[in-house]
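Structural features, examined
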Amino acid sequence: MRTNPEATARRTYLASAMWMPGVLALIAAGLFWLIDGVMVLLGCMDTCDQPGMQWLSTGADAQGYLALAAVVALAISAIEPRWRRGAARAAWAVLAAEAGWFVLTAILAG
């Protein structure tokens, strides 16, 4: 059985292939943002001058920007079906960046 290279190059990927990593990245960003926000609130109960508090607020801000990147990847895949594969890879990369940034923020906030 022969395959047509032009048909393979023009093949669009299923929307479900993009929705799972995109929505997962969006949910993870929201969860990490919520955890960072709660940690900022708990850390500022008596005074906000404690070392590491700036890192927690910076971490929450970064999670918001990473959530925006996940939304952009979802929007790109909805607008242009040919870009679903690249958008899915970007969503997985955003998910890895979210987890890494959360761990880095926790270490630096110490």
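All values reported here derive from a predicted model rather than from experimental measurement.

1. Topic: helix α2 (residues 16–43)
Relative to the 40 Å expected for 28 residues at 1.5 Å per residue, α2 spans 40 Å between its end C-alpha atoms, a close match to the ideal helical length. Buried within α2 are the following residues: Met18, Pro21, Gly22, Ala25, Ala28, Ala29, Phe32, Asp36, Val40 and Gly43. Here the buried face of α2 lies against α3 (53–79) and α4 (84–109).

2. A look at the packing of α2 against α4
The N-to-C vectors of α2 and α4 enclose an angle of 20 degrees; their axes lie 8 Å apart at closest approach. Taken together, the axes of α2 and α4 lie roughly parallel to each other. α4 is crossed by α2, and the crossing has left-handed handedness. Side by side, α2 and α4 meet where Ala17, Met18, Met20, Pro21, Gly22, Leu24, Ala25, Ala28, Ala29, Phe32, Ile35 and Asp36 of the first sit next to Arg84, Ala87, Ala88, Ala91, Trp92, Val94, Leu95, Glu98, Ala99, Phe102 and Thr105 of the second. Across the contact of α2 with α4, the residue classes tally to 18 nonpolar, two polar and three charged.

3. Description of the environment of isoleucine 27
By the secondary structure assignment, isoleucine 27 is in helix α2. For the pair isoleucine 27 and leucine 95, spaced 68 residues apart in the sequence, the C-alpha separation amounts to 9.5 Å.

4. Quick notes on the confidence of the model for the chain
With 88% of its residues at a pLDDT of 70 or more, the chain has an overall mean of 82. Looking at the elements of the chain, mean pLDDT is at its lowest for helix α1 (residues 5–9), recorded as 56, and at its highest for α4, recorded as 89.

5. Points about the side chain of glutamate 98
Mapped onto the secondary structure, glutamate 98 falls in helix α4. There is no salt bridge for the buried glutamate 98, and the closest opposite charge comes from arginine 89, which lies 18 Å off by N-O distance. The contacts of glutamate 98, once residues within four sequence positions are left out, are Ala25, Ala28, Ala29, Phe32, Gln63, Leu66 and Ala67.

6. Quick notes on α3
The end-to-end C-alpha distance of α3 is 40 Å, a good match for the 39 Å that 27 residues give at a rise of 1.5 Å each. Along α3, the residues that are buried comprise Met53, Leu56, Gly59, Ala60, Ala62, Gln63, Leu66, Ala67, Ala70, Ala73, Leu74 and Ser77. If you follow the buried residues of α3, they end up packed against α2 and α4.

What counts and how
- Sequence order sets the numbering: in each chain, residues are counted from 1 along the sequence as written.
- The model is predicted, so local features are restricted to residues of pLDDT at least 70 and side-chain atom pairs to those at 80 or more, both for listing and for counting; the totals for chains, interfaces and linings are taken over all residues.
- Working from all heavy atoms in the structure, the side-chain values ignore hydrogens and water.
- Only DSSP runs of H or I reaching four residues or more are called helices, and only runs of E reaching two or more are called strands; each is numbered from the N terminus.
- By this rule, a helix spans an expected 1.5 Å times one less than how many residues it contains.
- Each residue is assigned to one of three classes by its accessible area relative to the maximum for its type, calculated with a 1.4 Å probe on protein chains only: buried under 20%, partly exposed between the two thresholds, exposed over 50%.
- Here, two residues are considered to be in contact whenever any of their heavy atoms come within 4.5 Å of each other.
- Structural elements are reduced to axes, namely lines fitted to C-alpha atoms, with helices fitted over the stretch in contact, and the angle between N-to-C directions of any two is expressed from 0 to 180 degrees.
- Here is the rule for angles: anything less than 35 degrees is roughly parallel, anything more than 145 is roughly antiparallel, 65 through 115 is roughly perpendicular, and the remaining ranges are oblique.
- By convention, the crossing between two helices is left-handed when the near helix turns anticlockwise from the far helix through less than a right angle, and right-handed when the turn is clockwise.
- Gly falls in the polar group here, along with every residue not listed as nonpolar (Ala, Val, Leu, Ile, Met, Phe, Trp, Tyr, Cys, Pro) or charged (Asp, Glu, Lys, Arg).
- Residue-level confidence of the predictor is what pLDDT reports, using numbers from 0 through 100.
- In this tally, Asp and Glu contribute negative charge and Lys and Arg positive charge; neither His nor the terminal groups of the chain are included.
- A pair is scored as a salt bridge if a Lys or Arg side-chain nitrogen falls within 4 Å of a carboxyl oxygen belonging to Asp or Glu.

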